[in-house]
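Residue-level listing of the chains:
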Amino acid sequence: MKPHIAIMAAVAMATTVSVAQAETWDMPMAYADGNFHTQVGKQFAQCVGTATGGDLEITVHGGGSLFKGGEIKRAIQTGQVQIGERLLSSHQNEEPVYGIDSVPFLATSFEASEKLSAAGRDTLVEKLKDDNLHYLYSVPWPPQGFYFNKEVNSVADMEGVKFRSYNSATARLAELTGMVPTQIEAAEISQAFATGVVEAMISSGATGYDRKLWEHVSNFYAVDGWLPRNTVMVNLEAWEDLDEGHQNALTACAAMAADLGLYRSMQYTDFTLNGLRAGGMSVEDASEQMVTELKEIGAQMTAEWLEAAGDEGQAIVDTFSAE
Ligand code: PCA
């Protein structure tokens, strides 16, 4: 073999070897590319690429482009993708513990959301493991408030309103307030409002801002009902196939992403509420009467959740309340 051919062959072989070693994972995410969750996911992916020296490259697919929100958990569980992010509370019907962050008026601030998440972490990790998933990190949405296309001062004003829900807790809340729920993923909100399928919802300022809700509704009422969380999970076999060094890299990047996500969520709260105002919406606190009535409904939903979640659920709430 001529020397330069030998070198070329060696280079080709080296390239082949390194390509064969580098693993690529797909990471579906359900929310808009510009949303902080997606941006944090991308920074997490970048961190993993750097920390593993390029051995593991994660490609983020935002906006529900690879799998829609409702399909993501199953896609990870079954190994169709190795990693992804999901609003776990929308799987509360599978496992009550997944819905703890959406129990109305249990944890109503960023601080409380972090505390509740920490109190329930060990149980959540076990539940996810039973579902063939490894927990990596979770990030709270900003506090939840109501969007209506009219002035609403009490629960009576909600009667008969067509309401967009995103999990079973928001559907139950609609029922208990006399509204008519339809479950719709965030990516489909604009269309659902534009076609009149729904006319109201409860969500963060962030999602209303991402979906330009001012084009469809007039009023936002801050209620700070709860802060649901998005959870990033890995297929258990994919996780176990990683060597310890790479697992450590993912765990470290996950800790970074959790901190960054919390910070970005806090930052995004005022920014997006101001964005709703700039779009022409009225943004104000819910009336005292509305809050009082909602808290009564919240107490009923808390009791319902505790009944479903049993001793395990009670233990998480006790740890959360004790500290
Ligand atoms: N946005 C998501 C979940 C909670 C939130 O603030 C949504 O509306 O689908």
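Scroll up to find the structure this text is about.
Remember, it's a predicted structure, so these values are computed and weren't measured experimentally. (Residues numbered from 1 in each chain as written. Predicted model: local features only at pLDDT ≥ 70, side-chain atom pairs only at ≥ 80, totals over all residues. Heavy atoms only, no water.)

Caption draft 1: Structural view of the packing of helix 4 (residues 110-130) against helix 10 (residues 288-322). Look at helix 4 against helix 10: their axes get within 9 Å of each other, and the N-to-C directions meet at 150°. Between helix 4 and helix 10 the crossing geometry is right-handed. Across from A112, K115, L116, A119, G120, T123 and K127 in helix 4, the residues of helix 10 making contact are E312, I316, T319 and F320. In the contact of helix 4 with helix 10, the residues fall into 5 nonpolar, 3 polar and 3 charged. (Axes fitted to C-alpha atoms, helices over the stretch in contact; angles between N-to-C directions. Helix = DSSP H or I, 4+ residues; strand = E, 2+ residues; numbered from the N terminus. Left-handed = near helix turned anticlockwise from the far one by under 90°. Contact = heavy atoms within 4.5 Å. Nonpolar A, V, L, I, M, F, W, Y, C, P; charged D, E, K, R; others polar.)

Caption draft 2: A look at helix 5 (residues 168-176). Considered for burial, the residues of helix 5 that qualify are A169, T170, A171, L173 and A174. Where helix 5 begins, one side-chain oxygen reaches toward the backbone nitrogen of A169, 3.2 Å away; that side chain belongs to N167. A positive phi of about 80° marks G178, the residue just after helix 5. (Buried < 20%, exposed > 50% of the residue type's maximum accessible area, 1.4 Å probe, protein only. Polar contact = N/O pair within 3.5 Å; in protein donor to acceptor, adjacent residues only side chain to side chain.)

Caption draft 3: Spotlight on the side chain of H37. Topologically, H37 is positioned in helix 2 (residues 36-51). Other than its neighbours up to four places away in sequence, H37 contacts M29, E85, V139, P140, W141 and N230.

Caption draft 4: Structural detail: the sheet that holds strand 7 (residues 180-183). Judged by pairing direction, the sheet is mixed, and its 6 strands sit side by side in the order 7-6-8-5-9-11 without closing on themselves. A strand with exactly one partner marks an edge of an open sheet, and here the two such strands are strand 7 and strand 11 (282-285). If you compare each strand with its neighbour and ignore which way they point, the axes differ by 25° on average. Pairing analysis gives 2 bridges linking strand 6 (residues 162-165) to strand 8 (residues 200-203), with the strands arranged parallel. For F163, the partnering residue across the bridge sits in strand 8 and is A200. Contacting strand 5 (145-148), strand 6, strand 7 and strand 8, helix 5 crosses the sheet at an angle of about 160° to strand 6. Of the strands in this sheet, strand 5, strand 9 (219-222) and strand 11 touch helix 9 (residues 244-278), which is tilted by about 135° from strand 11. (Pairing = 2+ DSSP bridges.)

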